[in-house]
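Structural features, examined
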Amino acid sequence: MSMHRKLIVFIGPPGAGKGTLSQLFVDRLQCKQLSTGNLLRKHIRENTDLGKSIDLALKSGKLVSDDCVIAMVIDWLGNHARDGRPVILDGFPRTRAQAEALDRALAQINADASFGLSVLQMELGDEEATRRILGRLVCSQNECQAVYSMVGAQTMGDSGYSCVRCGNVLIRRSDDAPEAIADRLTIYRRHEREIMEYYRACGAWIMNIAMNRDPETIFLEVQQRLAGI
Ligand code: ADP
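Attention in this report is confined to the structure presented alongside it. (Residues numbered from 1 in each chain as written. Predicted model: local features only at pLDDT ≥ 70, side-chain atom pairs only at ≥ 80, totals over all residues. Heavy atoms only, no water.)

So, about the packing of helix α6 (residues 126-134) against helix α7 (residues 178-201). For the pair α6 and α7, interaxial distance at closest approach is 11 Å and the crossing angle is 140°. Relative to α7, α6 is oriented oblique. Here the hand of the crossing between α6 and α7 comes out right-handed. Between α6, through D126, A129, T130, I133 and L134, and α7, the contact on the second element is made entirely by P178, I181, R184, L185 and R189. Grouping the constituent residues of the contact of α6 with α7 by class yields 6 nonpolar, 1 polar and 3 charged. (Axes fitted to C-alpha atoms, helices over the stretch in contact; angles between N-to-C directions. Helix = DSSP H or I, 4+ residues; strand = E, 2+ residues; numbered from the N terminus. Parallel < 35°, antiparallel > 145°, perpendicular 65-115°, else oblique. Left-handed = near helix turned anticlockwise from the far one by under 90°. Contact = heavy atoms within 4.5 Å. Nonpolar A, V, L, I, M, F, W, Y, C, P; charged D, E, K, R; others polar.)

Structure, rendered in C-alpha cells:
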C-alpha cells in the first residue's frame with residue numbers, strides 16, 4: 001500500500017461487508033481498524049454515560065449525534081494514528097459534518113505526519129443488503145465483534161454458534177431486526193449522496209467497488225488498486 005495514503009475510509013450501506021473487509025485488512029496488512037459501530041456497542045454493553053445516551057438510537061437504527069461520534073473518533077485517532085500503520089475507518093464519516101470534522105482533524109495530524117485519505121465507496125443494492133443483514137450474526141465479545149454469515153458459522157450444539165476467532169457465543173445485533181433495516185438503508189442513502197458530493201468536490205481519491213462478490217476477490221482488488229496510487 002502506498003505510504004502516502006494511510007487512512008482508508010469505508011463508505012457503504014449496512015450489510016455491504018465493511019466489517020468483513022476490515023478484518024482481512026487487519027489480519028493480512030497489519031492495518032488498524034476503527035469501527036464506530038463496534039466502539040458505540042462497547043459503550044452500551046459497558047453501560048458508560050455515552051452508552052446510556054445512545055442505546056435507543058442504535059436499537060432503532062438512527063444515527064448517533066455528530067458531536068458524540070466526532071469526539072470519540074478524534075480521541076481514538078489521537079491515541080492510535082501516530083505509529084505509521086494504515087488506519088481503516090469503518091462507519092465514519094457517516095454524515096457530511098463528520099467528513100468535514102475528519103478533514104480538520106487530519107490537517108492537525110498532518111502537521112507532523114503524512115496521512116493522506118482514500119475513500120472506498122462500496123456498492124450493494126438494498127435488496128441484497130437486507131438479505132445479508134437478516135442472515136448476519138456477530139461475536140458477543142466486545143473486543144472481537146467478528147461478523148459471520150449464518151451459513152459459515154461453527155455450530156455449538158443446539159444452543160447456538162461460536163466465534164472461530166475467540167470462542168465466544170454469536171448473537172444477532174438488536175438493530176439487525178427487520179423493523180430497523182429499511183430505516184437504516186434510507187438514512188444511509190441520504191447521507192451517502194452528501195458525503196460523496198463533498199469528497200468529489202474536494203478532489204479526494206475515490207475507489208468504487210462492487211460488493212456483490214466474495215470477500216477474497218474484493219480484498220485482492222482493493223489491495224491492488226491501493227498499491228497503484
Ligand atoms: P452498519 O454499517 O451495519 O449499520 P455499524 O456497526 O457501522 O453497522 O453501525 C451501527 C449503528 O451505530 C448505526 O446504525 C448508528 O446508530 C451507529 N453509528 C455507527 N457509526 C456512526 C457514525 N459515524 N455516526 C452516527 N452513528 C453511527
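Now for the sheet that holds strand β9 (residues 170-171). Taken together, 3 strands build an open sheet; the order of strands is β6-β5-β9 and the sheet is antiparallel. Strands with a single pairing partner mark the edges of an open sheet, and in this sheet they are β6 (147-149) and β9. In this structure, strand β5 (residues 136-139) lies alongside β9, joined through 2 bridges in antiparallel fashion. Within β9, the residue paired with C139 across the bridge is L170. (Pairing = 2+ DSSP bridges.)

What follows is about the site of the ligand. The immediate surroundings of the ligand are formed by 19 residues, with K18, T36, K62, G91 and R184 found nearest. At a separation of 2.5 Å, an oxygen atom of the ligand approaches a polar backbone atom of K62. Between R136 and the ligand, the recorded distance is 3.1 Å, taken from a side-chain N or O atom to an oxygen atom. For the ligand, the protein covers 97% of the area, taking 540 Å² as the surface of the free molecule. The element that contributes the greatest number of residues to the shell around the ligand is helix α2 (residues 36-45), accounting for 4 residues. Each residue belonging to the shell around the ligand can be placed in one class, and the counts come to 7 nonpolar, 4 polar and 8 charged. (Near = heavy atom within 4 Å. Polar contact = N/O pair within 3.5 Å; in protein donor to acceptor, adjacent residues only side chain to side chain. Areas by Shrake-Rupley, 256 points an atom, 1.4 Å probe, with all protein chains shown as cover.)

This part is about helix α8 (residues 215-227). Since the α-helix turns once every 3.6 residues, residues separated by three or four places project in the same direction. In this model, α8 (13 residues) spans 18 Å end to end at C-alpha, consistent with the 18 Å of a helix rising 1.5 Å per residue. When α8 is considered as a whole, its buried residues turn out to be I218, F219, V222 and L226. End-on, the buried residues of α8 take up no more than an arc of 100°, which puts them together on one face. In this structure, α8 carries Q224 and A227 as exposed residues pointing more than 90 degrees from its buried face. Buried residues belonging to α8 abut β1 (7-11), α1 (18-29), β4 (117-123) and β10 (205-210). (Expected span 1.5 Å × (residues − 1). Buried < 20%, exposed > 50% of the residue type's maximum accessible area, 1.4 Å probe, protein only. Arc of directions from axis to C-beta.)

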